[in-house]
Protein chains: 2
Amino acid sequence: MAIKDNNVSMNLFRDKCKEHNLRITPQRTVIYKELHKSKDHPSADAIFRKARKVFPNISFDTVNRTVLTFAKIGLVNVVEGCGGPKRFDSDTESHHHLRCIKCNRIIDFHNKDYDSMEIPDEIKNKFTVLRKRVCIEGVCSKCR
Amino acid sequence: MAIKDNNVSMNLFRDKCKEHNLRITPQRTVIYKELHKSKDHPSADAIFRKARKVFPNISFDTVNRTVLTFAKIGLVNVVEGCGGPKRFDSDTESHHHLRCIKCNRIIDFHNKDYDSMEIPDEIKNKFTVLRKRVCIEGVCSKCR
DNA sequence: AACTATATAGGAATAATTCCTATTTGTCAA
DNA sequence: TTGACAAATAGGAATTATTCCTATATAGTT
């Protein structure tokens, strides 16, 4: 038996689907399971390749639509900034970003407390740090 | 005369180009000027549309190659996470991200100090905040 | 002014995502 | 349990973003 009924995250999946009147299909079930297993922030294509091992006929569109649906109901999050075209920032000084998830506007802000936050040593040891930034996501005044 | 020789940022542009043996072409000049004027974190396509008003024959590839070159030499930055496919995160609890700019790996980390940082009131008033995250960019242990 | 390596224009190719539509299938109510 | 139907899926087409290719043009040096 692949899916345990007493698995907490599968219960969350079922509850969230019911709450939003989404049907519990085998495709959605396997997509959610793969998302939940992945610790590497997979793309829709990565989930597609895994899901195809279980359902060889599953379409990419189904996977893509499903992960976006999951993001909409809060079962998963889209990693900040991902997707869409590359965007460029001519301000190379330390600053922070406010992102509107509706219009994709990115607003710069400055904050000395944020600038002066220390990076933990265990990160500095394992990782060559180039930049540090606080990203706040939400809905801007124009969109709400 | 469109470009003032005493303009600080244009001098930076020229110095950086010389430092990296990049020729100062009219195309690069206009692309840099447009990037520097833009406060809205433009995409390559947005810069292309502006540059085309000055040089109607400029190609998208030139603009795209140029903004990426500028990013490589540090004249501009790519906004964190932008470009590439959307990626999904099944951990909906508060956590932070370490990104490797070489392999695009995203590594989760937890930090209570970061979690407890306050969001300034002037942001809370103008913006419906959904998430706050610290993004650290650099090079991971495998890539360096 | 001529030379040469670099940069550009334009179009083709690739990658990521979304749209379209005929068919299938969960779910609900009898 | 079964039938009805709205919702979901598969597969392919279309769209969007980006990169590659190559012949031509040109910045910077001599």
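Figured I'd write up the structure that's included with this text.

Cut-offs used in this document
- Residues numbered from 1 in each chain as written.
- Chains lettered and ligands numbered in written order.
- Predicted model: local features only at pLDDT ≥ 70, side-chain atom pairs only at ≥ 80, totals over all residues.
- Heavy atoms only, no water.
- Near = heavy atom within 4 Å.
- Polar contact = N/O pair within 3.5 Å; in protein donor to acceptor, adjacent residues only side chain to side chain.
- Helix = DSSP H or I, 4+ residues; strand = E, 2+ residues; numbered from the N terminus.
- Phe/Tyr/Trp six-rings, centres within 6.5 Å; stacked < 30°, edge-to-face > 60°.
- Buried < 20%, exposed > 50% of the residue type's maximum accessible area, 1.4 Å probe, protein only.
- Expected span 1.5 Å × (residues − 1).
- Arc of directions from axis to C-beta.

**Section: the protein's contact with DNA strand C**
Every one of the 20 residues lining DNA strand C counts as a neighbour, but Ile24 and Asp61 of chain A together with Arg28, Thr62 and Lys86 of chain B are closest to it. The sugar-phosphate share of atoms of DNA strand C within 4 Å of the protein amounts to 64%. Within the contact set of DNA strand C, a phosphate oxygen lies 2.8 Å away from a side-chain nitrogen or oxygen of arginine 28 of chain B. Here serine 59 of chain B contributes a backbone N or O atom positioned 3.1 Å from a phosphate oxygen of DNA strand C. Those elements that place two or more of their residues in the surface near DNA strand C are α4 (60-72) of chain A together with α2 (26-37) and α4 (60-72) of chain B.

**Examining the packing of aromatic side chains**
All names here are of chain A. Scanning the model with the defined rule gives ten aromatic pairs over all chains in all. Taking 5.9 Å as the distance between ring centres and 70° as the angle between the ring planes, the aromatic pair formed by phenylalanine 109 and tyrosine 114 counts as edge-to-face. Note on tyrosine 114: relative accessible area 2%, which makes it buried. Each member of the aromatic cluster is reached from another via a ring pair, and the members are Phe13, Tyr32 and Phe70.

**Quick look at helix α1 (residues 8-19) of chain A**
Residue and element names in this part refer to chain A. Its twelve residues place the ends of α1 16 Å apart at the C-alpha level, agreeing with the 16 Å of an ideal helix rising 1.5 Å per residue. Considered for burial, the residues of α1 that qualify are Ser9, Met10, Phe13, Arg14 and Cys17. Seen from one end, α1 has its buried residues packed into an arc of 145°, which puts them on one side. Summarising the geometry of α1, the exposed residues directed more than 90 degrees from the buried face are Val8, Lys18 and Glu19.

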